[in-house]
Every structure is written in structure tokens, then in C-alpha cells.
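Topology and contacts: notes
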Amino acid sequence: MVRITKTMTTVAAVAVVSALALSGCGRAGTASEGSGDTASGFDAGATIGVALPQKTSENWVLAESLFNDGLKNADFKPEVQFANAGVTEQQNQITSMISNGAKVLIVGAVDGSQLDTQLQQAKDAGVTVIAYDRILKNTSAIDYYLAYDNYKVGQLQGQALLDGMSSKKSSGPYNIELFAGSNDDANSKPFFDGAMSVLQPKIDDGTVKVASGQMDQSAAATQGWKAENAQKRMDTLLAGFYTGTELDGVLSPNDTLARAVLTSVKAAGKPIPVVTGQDSEVESVKSIMAGEQYSTINKDTRDLVNAAIAMVKDLQQGNTPQTTSEQDNGTKQVPTKFLEPVIVTKENAAEAYANNPALEALTK
Ligand code: BGC
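Notes on the structure in this doc start here.

1. Observations regarding the overall build of the chain
- Regarding its fold elements, the chain presents 13 helices and 15 strands.
- Evaluated residue by residue, the chain yields a buried proportion of 50% over its 364 residues.
- Taking contacts inside the chain between residues at least 6 apart in sequence as the whole, the part at least 24 apart equals 68%.

The following block contains the structure:
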């Protein structure tokens, strides 16, 4: 094993690291810039564990093949697993990835507050832990967090809901209902809080009304992100509060739930309200182009997976991945890289999907 000291020049260090990487031999170490500390890399060709949650939206399904292909192309050995049966299955998968010698764990948690024991095992084994899309909470055993800015997603949804309603009807009061994601998903809170940061002032000044009075996240939650749960709740809300009142808008945190809300409204024979979404799922982009769902969010899965693989490459070479901010996970400030989500409506869909041929084709 070659140790590179801080007295070596960067050029020399890069040359040695590259030579090691090319020859595929030994562990590569390099001086981390400025601090004089040494950070170790690991073997090219190492196993990288990717623990994904249930297939509750298209982005997770896409991530599986993107991680498998991208990690293989970068000469790593991917081990990508879905935890279809939930938390216990994901805990077991993480433990087995550690015993299979994974050097990095990329975790899209089912419930990010239930993995501390397994993540501590990872730390003890020298594994770097990256939280992917959903932060891992109340654990010190997390090194990086990589996601689209979830609070921003919520703000964009809240603003789209207001814009959509005012384009249909020039003045309020507007009647809306609120849907949130699953309570075990750490993203559900920033989505909801971001949206409420935009909607609450309008509720306070009377422009917007929530006829059911179900205004907090727990009342609005959709267990397991399941379409049937959102559809049932919408059926109940329509029957209970909208027999003589028009529903103008629905805050939906993602596309799957947006389509469930639309199914319920249509079954009740009501006019279609403004409904938000997220993920740019194929069926929702079609619905937006047909003038039904109002908006979605573009969080290109290819970019998020590529950013994760770029982090893995940095770590392999002993470099510190670049981050843009820090997020508090309840235990520590986690170095975070956020990508920017983009709001999409019928108006900007062609432009928003210009570099995504499969989605762009739907906008023609
Ligand atoms: C993701 C969303 C997705 C939801 C359900 C969230 O954690 O950020 O993109 O719609 O999970 O799968």
C-alpha cells in the first residue's frame, strides 16, 4: 500500500493515484486538500451496496437499472436491492451488503429512523454511508446526503396550486384539500412544510379554505404512499364536504397520489380541480398534456444516480465528495448535495423534458 504524504505535490499525488487505479493494485490513499489529514480510498472494482425502498413510484424503479449499469460502467460491483417487504427486510439487506464487503452503502430508506443499528455496523466495518433521496435520521452513522431539495419541491407544489387555481378562477376564496406522503418517509415533512410555507399565508388571509379542516401533516398523510389510501380519503372528503361546495384544488405530494385523487373526483362526477404532483411519471405527463393533472416536478433520476456514482468514484480515489450544504438529521449536521427540482405544467413541459426523449415525445 502506498501512503501519499502532504509533502507530495498535487500533481504527483494525482499521478500516483491514477497509476494505482490503472494498475488496479492496492488501496489508494491521498492527502485531503489543505488539512494535511489522510483519507483512504478503496480498491477499484469494489462492491457498492444500493438499498432501495419499495417501488412506490417510477423513480425508484428507474434507479435500479441506472445504478446497476452506471456502477458496472465505472468498474464497480453493484449490489442493488429493493425492500419490498419493508423495514426488517431493508435492515437484513444492509447487514448482508456489509458482510459481502461493500465499501459504500447508498441507502434510499423505507424508514430512515429505523436503520441506526445496521448503519453503526457499517461504520464499524469502515463503510461510507450515503443517504440517497431520503435522509437517514437520528443516527451519527451517515456520511453524506444526496437528494433533490425536498423543501423546495414542496414550495414549488404550493405555488403551482395557487397559480393553477387563479388561472381558472380570477379570485378566491378557493377550496382546497391537502395530501401528504407516508409518515415513515423523511421526505414527507419537508414536502408538506415547503408547500404550507406558501399556502398558510393564503389560508390565514382567507384566500384559500380547507373545508375539511384537515390541515396538519398527520391528518393529510398517505400511509405507504399507496394510491388506494389517497383515493379512499378523497372519496370520504368529497362525500363529507363537497356535496354543495366546489373543490378548486388538491395539494398532492406526488404523481401516483395525484392520479388517485383524479380517479376519485371523476368517479364522483365532480369537475376536475387543480392537482399537483411530483416525479414526472409517464401517466402523469400524459394527464398534464390532456389537461387533467395540473403540475408535476422534474427530478431527473439519471442526474441523481450519476451524482451518487460520482461520489462513489471520489471516495474510491480517497477524495472528499463535493457538497453544497449541511442538513440536520437530528444527531449531526450531514454534508449534503442538493440538486434543483423543476416545476412542470403543460406550458413548459416540452422545454423541461428537452433532454429526456421518452418524456419529451409525450409533449408533442
Ligand atoms: C421521493 C418521491 C416519491 C416518494 C414515493 C419520496 O421519498 O422523494 O420522489 O414520489 O418517495 O415513492
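2. Describing the sheet that holds strand β11 (residues 274-275)
- Strand order in the open sheet formed by 4 strands is β9-β8-β10-β11, and the pairing between neighbours is parallel. Each edge of the open sheet is held by one strand with a lone partner, namely β9 (208-210) and β11.
- With 3 bridges joining them, strand β8 (residues 174-178) and β9 adopt parallel strand pairing. Among the inter-strand pairings, I176 is bridged to a residue of β9, identified as V210.

3. Some words on the site of the ligand
- Around the ligand, 14 residues are found, and the nearest of them are T56, S57, R134, D185 and D279.
- N254 is positioned such that a nitrogen or oxygen atom in its side chain is 2.9 Å from an oxygen atom of the ligand.
- For the ligand, the protein covers 100% of the area, taking 310 Å² as the surface of the free molecule.
- For the shell around the ligand, the residue count by class is 3 nonpolar, 6 polar and 5 charged.

4. Observations concerning the pattern of salt bridges
- Under the counting rule described, the total for this entry stands at 11 salt bridges.
- One salt bridge connects R259 with E281, and the closest N-O pair in it is separated by 3.1 Å. Of this pair, R259 sits in helix α9 (residues 255-267) while E281 sits in the loop between β11 and α10 (282-289), placing them 22 residues apart in sequence.
- Classification of R259 by relative accessible area gives partly exposed; the value is 23%.
- Overall, E281 belongs to the buried group, its relative accessible area being 2%.
- Across the pair E360 and K364 runs a salt bridge, and its minimum N-O distance is 3.6 Å.
- What makes K364 exposed here is its relative accessible area of 76%.

5. So, the sheet that holds strand β14 (residues 333-339)
- Reading across from one edge, β4-β3-β5-β6-β7-β14-β13 is the order of the 7 strands in this open sheet, with mixed pairing throughout. Among the strands making up the open sheet, the edge pair consists of β4 (77-82) and β13 (325-328). Across this sheet, the average inter-strand angle for adjacent strands is 25 degrees, counted without regard to direction.
- Bridge count between strand β3 (residues 47-52) and strand β5 (residues 104-107): 4 bridges; the pairing is parallel. Within β5, the residue paired with I48 across the bridge is V104.

6. Description of the packing of aromatic side chains
- The full count for this structure, using the stated rule, is 5 aromatic pairs.
- For the ring pair F42 and F76, a centre distance of 6.4 Å and an interplane angle of 50 degrees mean the geometry is tilted. Taken as a pair, F42 in the loop between β2 (38-40) and β3 and F76 in the loop between α2 (58-73) and β4 lie far apart in primary sequence, 34 residues in all. In terms of burial, F42 and F76 fall into one category: buried.
- Ring centres of Y145 and F338 lie 5.9 Å apart, and the angle between their planes is 75 degrees; this geometry places the pair in the edge-to-face category. Note that Y145 is positioned in strand β7 (residues 144-148) and F338 in strand β14, a separation of 193 residues in sequence. This pair shows no difference in class: Y145 is buried, exactly as F338 is.
- Here a set of aromatic residues connected by ring pairs shows up, and it is made of W60, F67 and Y132.

7. Brief notes about the packing of helix α3 (residues 87-99) against helix α4 (residues 116-124)
- Relative to each other, α3 and α4 sit at 5 degrees, their axes nearing to 9 Å. Considered as vectors, α3 and α4 are oriented roughly parallel to each other. Residue-level inspection shows Q91, I94, T95 and I98 of α3 in contact with α4, the latter providing Q118, Q121 and A122.
- Looking at the contact of α3 with α4 residue by residue, the class counts come to 3 nonpolar, 4 polar and no charged.

8. Notes on the pairing of β4
- Two elements, β3 and β4, share 6 bridges in a ladder whose sense is parallel. Note that in β4 the partner of L52 across the bridge is F82.
- For the crossover that starts at β3, traverses α2 and ends in the parallel β4, the hand is right-handed.

Rules and cut-offs
Residues numbered from 1 in each chain as written. Predicted model: local features only at pLDDT ≥ 70, side-chain atom pairs only at ≥ 80, totals over all residues. Heavy atoms only, no water. Helix = DSSP H or I, 4+ residues; strand = E, 2+ residues; numbered from the N terminus. Buried < 20%, exposed > 50% of the residue type's maximum accessible area, 1.4 Å probe, protein only. Contact = heavy atoms within 4.5 Å. Pairing = 2+ DSSP bridges. Near = heavy atom within 4 Å. Polar contact = N/O pair within 3.5 Å; in protein donor to acceptor, adjacent residues only side chain to side chain. Areas by Shrake-Rupley, 256 points an atom, 1.4 Å probe, with all protein chains shown as cover. Nonpolar A, V, L, I, M, F, W, Y, C, P; charged D, E, K, R; others polar. Salt bridge = Lys/Arg side-chain N within 4 Å of Asp/Glu carboxyl O. Axes fitted to C-alpha atoms, helices over the stretch in contact; angles between N-to-C directions. Phe/Tyr/Trp six-rings, centres within 6.5 Å; stacked < 30°, edge-to-face > 60°. Parallel < 35°, antiparallel > 145°, perpendicular 65-115°, else oblique. Right-handed = clockwise from strand over helix to strand, strands pointing away.

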